[in-house]
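Summary of structural features
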Amino acid sequence: MPLYIGVMSGTSLDGLDIALIEQDAAIKLIATHYIPMPDGLRAELLGLCTSGPDEIARSAMAQQHWVTLAAQGVHALLDQNNLKPQDIRAIGSHGQTIRHEPARGFTVQIGNPALLTELTGITVVSDFRSRDVAAGGQGAPLVPAFHEALFDERSGNRAVLNVGGFSNLSLIEADKPVAGFDCGPGNVLLDAWIHQQRGEHFDRDGQWAASGKVEPQLLHALLSDPFFLTKGPKSTGREVFNLGWLQQHLARMPAFAPQDIQATLLELTALTIVESLQAAQPQTKTLLVCGGGAHNSALMKRLAALLPSTQVSSTANHGADPDWVEAMAFAWLAHCCLEGIATNRPSVTGARGLRVLGAIYPA
């Protein structure tokens, strides 16, 4: 059976997820490996999300570091499963997004796929967003076609919610093209705020947010951002939602307790997801949640409370570990590229038509 590896590091920058899948009639997760993001590399990647001095050289050096880690992870995964590079048909590598501005016609993911091929001896497929952007699309989200392939059971309207740094929805209805779009911040503001205030990289189980109360004045101001007033296709990133964006709003507000700001940010994430879902697919029977947000019990409880007629659960209850869905997706995208299968969805990105996504670096 053809084997593929997916490598993913998202906007949360917590680490590299590496997944091995078997692709036949069905998609099967075989094994996984995780590498925590070193603090220095994480800081450098965050810094590259905005303009700065010598950023071209810094970007080149950062991606060499990123690729070295990815290659080490691939070899560890192979060793753990008694596999050789020639057993793997391809690696699907998303790289690390440092800029995403489809309105200006570009998106940038660093990850040096040529070097990854050299270090692993395996064909690498990468640069999945650019072709869709070139065709007039948003280049994101990329995963709705994979979500459809993995979770479409023809059993009523369902949605798949990925909550990483940002949140995005895939809307699956029988006899309709899959739809999807970014909803807004997922964990990005929650992580940034707790890191600034407490030195922690994330709010475990949403405990700090749960200890505070929502501040309506602040919530109303945050919800007034123009992004939330637009309908899909749409995508977003750190260019729009970041700690500076939050601090600009806080500067115009009375002083709030830090935990109340965290509670308000969690409510922002939950409300923008729910409002987006209800506007686009009001009769959703099941909402399947993946990504780091699936482990945030405060967020999951809030989503369930706001969606009393929808079954809200982790993708784990439907056979897919929420931590590995995105890495699996990039392994699958590599398979589709090599097979010449289009994996963008104009109903999601707004592109002019179906396109085969990815650039191939043969071993």
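Coordinates for the structure precede this section.
Here the structure is a predicted model, which means the values were calculated and not measured. (Residues numbered from 1 in each chain as written. Predicted model: local features only at pLDDT ≥ 70, side-chain atom pairs only at ≥ 80, totals over all residues. Heavy atoms only, no water.)

**Some details on helix H11 (residues 297-306)**
Put simply, the test is: Burial here depends on accessible area, computed with a 1.4 Å probe over protein chains only, as a share of the maximum for the residue type. Under 20% is buried, over 50% is exposed, and the range in between is partly exposed. Only DSSP runs of H or I reaching four residues or more are called helices, and only runs of E reaching two or more are called strands; each is numbered from the N terminus. The contact criterion used throughout is that any non-hydrogen atoms of two residues lie within 4.5 Å. As used in this structure description, the phrase polar contact means that two N or O atoms lie within 3.5 Å; if the pair is within protein, one of them must be able to donate a hydrogen and the other to accept it, and residues adjacent in sequence are counted only when both atoms belong to side chains.
Of all the residues in H11, the buried ones are Ala298, Leu299, Met300, Leu303 and Leu306. The inward-facing, buried residues of H11 contact strand E8 (158-163), helix H7 (207-210), helix H10 (258-280), strand E11 (286-290) and strand E12 (311-314). The N-cap residue of H11 is asparagine 296: its side-chain oxygen and the backbone nitrogen of alanine 298 are 3.2 Å apart.

**Considering the layout of surface pockets**
Our working definition: For cavity detection a 1 Å grid was placed over the protein atoms alone, and a set of points counts as a cavity when a 1.4 Å probe fits there but cannot get out; an open set counts as a pocket when protein lies on both sides within 12 Å along at least five of seven lines, with lining residues being those that have an atom within 4 Å of a point. Grid points are joined across faces, edges and corners, and a volume is the space filled by probe spheres set on the points. Here the term charged refers only to Asp, Glu, Lys and Arg, the term nonpolar to Ala, Val, Leu, Ile, Met, Phe, Trp, Tyr, Cys and Pro, and the term polar to all other amino acids, Gly among them. Domain start and stop points were drawn from an automatic or database domain assignment.
Approximately 310 Å³ is the volume attributed to the second largest pocket. Along its surface, the second largest pocket is lined by 16 residues, and Leu46, Ala192, Arg238, Asn242 and Leu243 are the ones closest to its centre. Among the elements of the structure, helix H1 (39-47), helix H6 (188-198) and helix H9 (243-251) are those that each provide at least two residues to the lining of the second largest pocket. Within the lining of the second largest pocket, the residues separate by chemical class into five nonpolar, seven polar and four charged. Viewed by domain, the lining of the second largest pocket spans two of them, domain 1 (3-139 + 326-361) and domain 2 (144-318), each represented by three or more residues.

**Topic: the sheet that holds E11**
This is how the line gets drawn: Here, any two strands with at least 2 DSSP bridges between them count as paired. Convention adopted: a line fitted to C-alpha atoms gives each axis, helices being fitted over their contacting stretch, and angles between N-to-C directions are expressed from 0 to 180 degrees.
Taken in spatial order, the five strands of this open sheet run E10-E9-E8-E11-E12, and their pairing is mixed. The open sheet has two free edges, formed respectively by strand E10 (179-185) and E12, since each of these has just one partner strand. Put simply, the sheet's adjacent strands are angled 20 degrees from each other on average, direction ignored. Pairing between E11 and E12: four bridges, direction parallel. Across the sheet, valine 289 pairs through a bridge with serine 314, a residue of E12. Running at roughly 160 degrees to E12, H11 makes contact with E8, E11 and E12 of the sheet.

**Comments concerning H10**
Filter applied, for reference: Expected span, for any helix, means 1.5 Å times one less than how many residues it has.
Look at H10: 33 Å from first C-alpha to last across 23 residues, which is about the 33 Å you get at 1.5 Å a residue. With 17 of 23 residues buried, H10 is to be regarded as a mostly interior element.

**Describing the pattern of salt bridges**
Here is the rule: Each reported salt bridge corresponds to a side-chain nitrogen of Lys or Arg within 4 Å of a carboxyl oxygen of Asp or Glu.
The full count for this structure, using the stated rule, is nine salt bridges. Where glutamate 44 meets arginine 58, a salt bridge forms, and the shortest distance between an N and an O atom there is 2.9 Å. Pair noted here: glutamate 44 is in helix H1 and arginine 58 is in helix H2 (residues 55-80), with a separation of 14 residues, a long-range link. Judged by relative accessible area, arginine 58 falls into the partly exposed class, the value being 21%. Across the pair lysine 176 and glutamate 173 runs a salt bridge, and its minimum N-O distance is 3.3 Å. What emerges from the salt-bridge pattern is a single network uniting Lys213, Glu215 and Asp260.

In short, the description is geometric, and any link to function would need to be established separately.
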